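Structural features, examined
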Amino acid sequence: MAASHLSGGRVNLAILREAARKELLECLDKCDGTKAVVWDEQLTGPFGLIAEYSLLKEHEVDKMFQLRPGRMPAANVNNIIFLCRPKLALMEIVAQNILKEEETGGSRKEFHIFFVPRKSLLCEQKLKELGVYGTFSNVDEYTLDLIPFDSDLLSMEIDSTFRDCYLEDDMTSMYYAAKSLMSVQALYGIIPTVCGKGDCARHVADMMLRMRRELAGTEPQITPQIDCLLLLDRTVDLMTPLPTQLTYEGLIDEIFGINNTSVKLPPEKFASSKQQTGGPQEMPTEPKKLVLNSAEELYAEARDRNFHAIGPLLSRKAKLISAQFEERHGAKTVGEIKQFVSRLPHMQAAKISLANHTTIAEMIKEVTDSDHFMESLTVQQEFLNGIDTDKVNPYIEDCIARKEPIIKILRLVCIQSVANNGMKQKTLDYYKREILQNPNDISYVFSGYAPLSVRLAQFLARPGWRSIEEVLRILPGPTFEEAQRIPVGLRKKRTSVGGGSESPKVTLVYFLGGVTYAEIAALRFLSQQEDSLSDYIIATTKIINGHTWLEGLMDTLCPAPFPDSSSTSKSKGRR
């Protein structure tokens, strides 16, 4: 199960990164002289995947700051460049930064703002109302759509997509998704077949097809590299994000949180052996930050496995690395020694990687072996198997009584509700009452449960959705399939692989509203099967888990103030 990672040499997603990097540098080069870049905090991680600081320095970027209220740190530069999402709340902070900077006097600076991924008339109007719009030398956009996270994974990293679409009825992010597909097709050719399920999927497909018509034949003439586009609404499968993911990568995300392919881990767990045994040396205080992607051989092999398979894998790797180092004793000739030395850097990197992942696996095991984890997992599995989904669950009651995190409780309640196709009003009212009376509180990838979303992708490849028409009618939203016209000369020719069978099609599965690492693992599993008819590339508006998904739907509740006692007594007197 070593990661060939879907693209298999057929679709090079690095082209997207190169295009994004080129456009970023073009934005920076619009501003002559030295520069300070002020990032919207949510963009810091994605931009780190596009361009490293050393490259930005070559384009006269001397300082980089996160966008914060109040006064910016001092910077002796000619230009201050704001890069931010088009959000009204951020415009208030941008205006504060500019006004405070102008108060300090000093050398005159040019201000520029680039909205990511698109400009917003509402944000521009807000800047006018705040009296700072006229200070900008440039008001433009940086069309960063899909960010390559790995050789088979793209994400727009827009946090609020699901909430915007289904609670706020704001389809702006779906417009961004449609534009991102236009960017993909400009680089990789027109995708011949477009399938989808759900209202948002239909909306995105319609916008994309309209955008293509507006181009009126001016599109780049490129032989298609992607054969099929499958658009899936998150509402089609509300269950999969909610249970605890049980793959290695999924559990890292559940326990520690993976952000923009990086994870921050407790530093004391990674102290060197000298620090652990050498007395009064200071322990590290900064979190241990690791980049997690398929460039690391061990992680590429481990990431999609069920966690129970990680221990044996690490044990085998440890024996292999130990045997490789022992080979130094057998190196007698100069040639043999030279060969061993040439392999040494790779072996040392593998040894460090093994040590890191052994430590991570030990930390995960501490959690998964705990009674709380096992009790929660047991209840989840019971709900997924349809057991006692129509009554108040004692474990959820205990969690409420113990004042456990509200997200954990809501996650369990949501699993029960979705598994039962809705919850009895009496049961729901009971849970609500119990939660509000807390005084201080306001299939392999799931060891048996197969994500419905991935099943849809599987059936689309073979035998086709016509075989499950009854199922599709039950699921929310319209079902559709569109054909995009490809000029005869650009149509992709099927090539045969060993044995005479045709090479697999490439399917881009685009999750609108978020995707979990468990679903990503399941799609990778499908593509790695010998009889697979399709290689899968995954795109999404955001990589989520049950916690972050529900967190994005929550509002902060403030208790209503009690009426003033004196005014109450006066009103009684007047009566």
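Residues numbered from 1 in each chain as written. Predicted model: local features only at pLDDT ≥ 70, side-chain atom pairs only at ≥ 80, totals over all residues. Heavy atoms only, no water.

Let us now look at the domain arrangement of the protein. When the domains of the protein are assigned, the result is domain 1 (4–144) and domain 2 (145–267 + 288–439 + 474–488 + 504–555). One C-alpha centre belongs to domain 1, the other to domain 2; they are set 29 Å apart. At the interface, 22 residues of domain 1 touch 34 residues of domain 2. Buried surface at the junction of domain 1 and domain 2, summed over both partners, amounts to about 2600 Å²; 62% is from carbon and sulfur atoms. The interface formed by domain 1 and domain 2 contains one salt bridge. The salt bridge partner of Asp145 is Arg118, with a shortest N-O separation of 3.5 Å. Inspection of the domain 1/domain 2 interface yields six residue pairs in polar contact (both at pLDDT 80 or more). Listing elements by their share of the side of domain 1 that touches domain 2, those giving two or more residues are helix H1 (14–29) and helix H2 (44–50). Of the residues contributing to the side of domain 1 that touches domain 2, the split by class is twelve nonpolar, six polar and four charged. (Domains from an automatic or database assignment. Contact = heavy atoms within 4.5 Å. Buried area = accessible area lost by both parts, 1.4 Å probe. Salt bridge = Lys/Arg side-chain N within 4 Å of Asp/Glu carboxyl O. Polar contact = N/O pair within 3.5 Å; in protein donor to acceptor, adjacent residues only side chain to side chain. Helix = DSSP H or I, 4+ residues; strand = E, 2+ residues; numbered from the N terminus. Nonpolar A, V, L, I, M, F, W, Y, C, P; charged D, E, K, R; others polar.)

By secondary structure assignment, the location of Arg411 is in helix H16 (residues 406–419). Measuring from C-alpha to C-alpha, the distance between Arg411 and Cys27 comes to 42 Å, with 384 residues separating the pair along the chain. Each residue touching Arg411, except ones within four places of it in the same chain, is listed here: Pro241, Leu242, Pro243, Thr244, Glu254, Gly546, His547 and Leu550.

Here we come to empty space enclosed by the protein. Of the volumes computed, that of the largest cavity is approximately 50 Å³. Per-class residue counts for the lining of the largest cavity are five nonpolar, one polar and three charged. (1 Å grid on protein atoms, 1.4 Å probe; cavity = no way out; pocket = protein on both sides within 12 Å on 5 of 7 lines; lining within 4 Å. Points joined across faces, edges and corners; volume = space filled by probe spheres on them.)

The next thing to look at is the nonpolar core. Counting residues in each nonpolar core, the largest one holds 102 residues, and the members touching the most others are Phe47, Leu83, Tyr142, Tyr248, Ile252, Ile360 and Leu523. Taken domain by domain, this core gets at least three of its residues from each of domain 1 (4–144) and domain 2 (145–267 + 288–439 + 474–488 + 504–555). Those residues in contact with Tyr248, other than ones at most four positions away along the chain, are Tyr299, Ala302, Arg303, Arg305, Phe307, Ile310, His357, Ile360, Ala361 and Ile364. In this structure, Val11, Met156, Ile226 and Leu512 belong to the second largest nonpolar core, which totals 36 residues. (Core = buried A, V, L, I, M, F, W, Y, C linked by side-chain atoms within 4.5 Å. Buried < 20%, exposed > 50% of the residue type's maximum accessible area, 1.4 Å probe, protein only.)

Next up on the list: the sheet that holds strand S12 (residues 288–291). With respect to topology, three strands assemble into an open sheet ordered S10-S11-S12, the strand pairing being antiparallel. Two strands close off the open sheet at either side, each with one partner strand: strand S10 (258–259) and S12. Pairing of S10 with strand S11 (residues 262–265) involves two bridges; the strand directions are antiparallel. Bridge pairing in S11 links Asn259 to Ser262. (Pairing = 2+ DSSP bridges.)

Here the focus is the sheet that holds strand S13 (residues 479–483). Strand order in the open sheet formed by seven strands is S6-S7-S15-S14-S9-S8-S13, with mixed pairing between adjacent strands. Because the sheet does not close on itself, it has two edges, and the strands there are strand S6 (147–150) and S13. The sheet shows a mean angle of 20 degrees between the axes of neighbouring strands, direction not considered. When strand S7 (residues 153–155) meets strand S15 (residues 534–540), the two strands line up parallel, connected through three bridges. Bridging from a neighbouring strand, Ser155 pairs with Thr540 of S15. (Axes fitted to C-alpha atoms, helices over the stretch in contact; angles between N-to-C directions.)

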